[in-house]
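Chain residues, written in single-letter form:
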Amino acid sequence: MTRHSADITTFLRMAGEYPVADVRSPSEYSAGHIPGAVNIPLFNDREREIVGTKYKKEGRMQSILSGLELSGPSLRTKLETALRAAGNGKLLVYCWRGGMRSEAMAWLFSLADIEILLLDGGYKSYRHYVLSALAEKREVIVLGGMTGSSKTHILRHLSLLNRKVIDLEALAHHKGSAFGALGQQPQPSTEHFSNILFDKWRQIDAADPVWLEDESRNIGTVF
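Residues numbered from 1 in each chain as written. Predicted model: local features only at pLDDT ≥ 70, side-chain atom pairs only at ≥ 80, totals over all residues. Heavy atoms only, no water.

(A) Structural detail: the side chain of Asn 195. Inspection of the secondary structure puts Asn 195 in helix α10 (residues 190-201). Exposure remark for Asn 195: the relative accessible area of 0% places this residue in the buried category. Apart from residues no more than four positions distant in its own chain, Asn 195 is found in contact with Gly 32, His 33, Pro 35, Tyr 123, Tyr 126, Arg 127 and Val 130. (Helix = DSSP H or I, 4+ residues; strand = E, 2+ residues; numbered from the N terminus. Buried < 20%, exposed > 50% of the residue type's maximum accessible area, 1.4 Å probe, protein only. Contact = heavy atoms within 4.5 Å.)

Structure representation (structure tokens):
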């Protein structure tokens with residue numbers, strides 16, 4: 001088996017070239033994940049709760065045995081999903097802290113000769129990196145104006161002029177008005193919104209000013 005681990009900066013750089021698998025439960029993935037990652041959960045939400053309870057009440061070994069019993073029947077399906085995701089034979093993998101779940105799935109994927117890169121510190125390290133990056137001082141130009149004054153159209157025009165623009169409403173899947181959710185995809189969680197924002201933010205050179213539309217504290221359900 002070929003398996004390595006990497007810090008968050010290296011992991012994100014590699015994520016631009018290779019597919020990423022989030023092996024946390026579906027509800028964890030839904031709350032927020034690295035943009036572009038496919039969810040191949042070791043446990044579903046119910047199984048994760050059972051294993052967690054077993055760990056608290058009976059200890060590590062009993063939780064491992066319970067986890068094997070619960071996940072065993074679906075290992076083939078998980079491996080088939082990984083094979084489809086890793087079209088080039090490589091897969092970047094993370095769980096919450098970079099512990100047992102990602103290690104277990106790395107072992108499973110390695111049975112199919114998939115080359116694995118694990119994220120040191122897991123999704124927790126990614127979130128810390130996101131919040132730190134968004135807190136850095138950058139030159140931002142905020143476009144304000146009354147509702148209906150075509151701010152979004154102006155931003156689109158600025159983008160055509162090669163200005164660096166981030167459309168917050170597009171990322172939030174909401175037009176920012178009373179009926180702004182009409183015709184839009186479901187809104188991301190606030191946590192995942194910041195992940196998507198960071199993904200756009202890091203693609204812009206720090207020397208370039210970023211144009212944003214003036215928004216209230218929330219865009220629909222996103223804060």
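(B) Representation of the pattern of salt bridges in the model. The full count for this structure, using the stated rule, is seven salt bridges. Between Glu 80 and Arg 76 there is a salt bridge, with the nearest N and O atoms lying 2.9 Å from each other. With Glu 80 and Arg 76 both in helix α5 (residues 75-85), this residue pair falls four residues apart, about one helical turn. Residues participating in the shared-partner salt-bridge network are Glu 28, Arg 48 and Arg 101. (Salt bridge = Lys/Arg side-chain N within 4 Å of Asp/Glu carboxyl O.)

(C) Representation of a nonpolar patch on the surface. On the surface, a cluster of nonpolar side chains totalling about 310 Å² of accessible area is made up of Met 61, Leu 65 and Leu 68. As for its placement among the helices and strands, Leu 68 is situated in helix α4 (residues 60-71). For Leu 68, a relative accessible area of 56% puts it in the exposed group. (Patch = residues over 30% accessible without salt bridge, like charges linked within 9 Å, V, L, I, M, F, W, Y side chains within 5 Å. Areas by Shrake-Rupley, 256 points an atom, 1.4 Å probe, with all protein chains shown as cover.)

(D) A look at the environment of Ser 149. When you line up the elements, Ser 149 lands in the loop between β6 (140-143) and α8 (151-160). Its relative accessible area of 35% is what places Ser 149 among the partly exposed residues. There is a polar contact of 2.5 Å between the side chain of Ser 149 and the backbone oxygen of Met 146. (Polar contact = N/O pair within 3.5 Å; in protein donor to acceptor, adjacent residues only side chain to side chain.)

(E) Molecular detail of the sheet that holds β6. Pairing in this open sheet of three strands is parallel, and the strands run β6-β8-β7 from one edge to the other. The sheet terminates laterally at β6 and β7 (164-165), the two strands that pair on one side only. Contacts between α8 and the sheet are confined to β6, β7 and β8 (210-213), with β8 contributing the most and set at about 165 degrees to the helix. (Pairing = 2+ DSSP bridges. Axes fitted to C-alpha atoms, helices over the stretch in contact; angles between N-to-C directions.)

(F) Representation of helix α6 (residues 100-110) within the structure. Taken residue by residue, α6 has Arg 101, Ser 102, Met 105, Ala 106, Leu 108, Phe 109 and Ser 110 as its buried positions. Buried residues in α6 make contact with β1 (3-6), α2 (26-31), α3 (45-58), α5, β4 (90-94) and β5 (115-119).

(G) Just the environment of Pro 41, in detail. You can see Pro 41 is positioned in the loop between β3 (38-39) and α3. Sequence-distant contacts of Pro 41, defined by excluding residues within four places in its chain, comprise Asp 22, Val 23, Arg 24, Ser 25, Pro 26, Lys 78 and Met 105.

(H) Here's a closer look at the sheet that holds β3. Spatial strand order, β1-β5-β4-β2-β3: five strands in an open sheet with parallel pairing. Of all the strands in the sheet, the pair left with one neighbour each is β1 and β3. Strand direction decides the pairing type here: strand β2 (residues 20-22) and β4, joined by three bridges, are parallel. Bridge assignment links Ala 21 to a residue of β4, and that residue is Val 93. Each of β1, β4 and β5 touches α6; the most contacted strand, β5, lies at about 170 degrees to it.

(I) How the structure looks around the pairing of β5. Along β5, four of the five residues are buried, which leaves the element largely enclosed by surrounding structure. Of the pairings in the sheet, the one linking β1 to β5 comprises four bridges and is parallel in character. Within the sheet, the bridge partner assigned to Ala 6 lies in β5 and is Leu 119. Note that β4 and β5 share four bridges and pair parallel. Each residue of the ladder has a partner; that of Lys 90, found in β5, is Glu 115. Between the parallel pair β4 and β5, the chain is carried across by α6, and the sense of this crossover is right-handed. (Right-handed = clockwise from strand over helix to strand, strands pointing away.)

(J) Main features of the packing of aromatic side chains. Scanning all chains against the criterion turns up six aromatic pairs. When the ring of Trp 96 is compared with that of Tyr 123, the centres are 6.1 Å apart and the planes differ by 45 degrees; the resulting orientation is tilted. Highlighted residues: Trp 96 in the loop between β4 and α6 and Tyr 123 in helix α7 (residues 122-135), separated in sequence by 27 residues. Between the aromatic rings of Tyr 126 and Phe 198, the centroid separation amounts to 6.2 Å while the plane-to-plane angle is 75 degrees, which identifies the pairing as edge-to-face. Highlighted residues: Tyr 126 in helix α7 and Phe 198 in helix α10, separated in sequence by 72 residues. Phe 198 carries the same exposure label as Tyr 126, and that label is buried. By the ring-pair criterion, three or more aromatic residues cluster together here, those being Phe 11, Tyr 94, Trp 96, Tyr 123, Tyr 126, Tyr 129 and Phe 198. (Phe/Tyr/Trp six-rings, centres within 6.5 Å; stacked < 30°, edge-to-face > 60°.)

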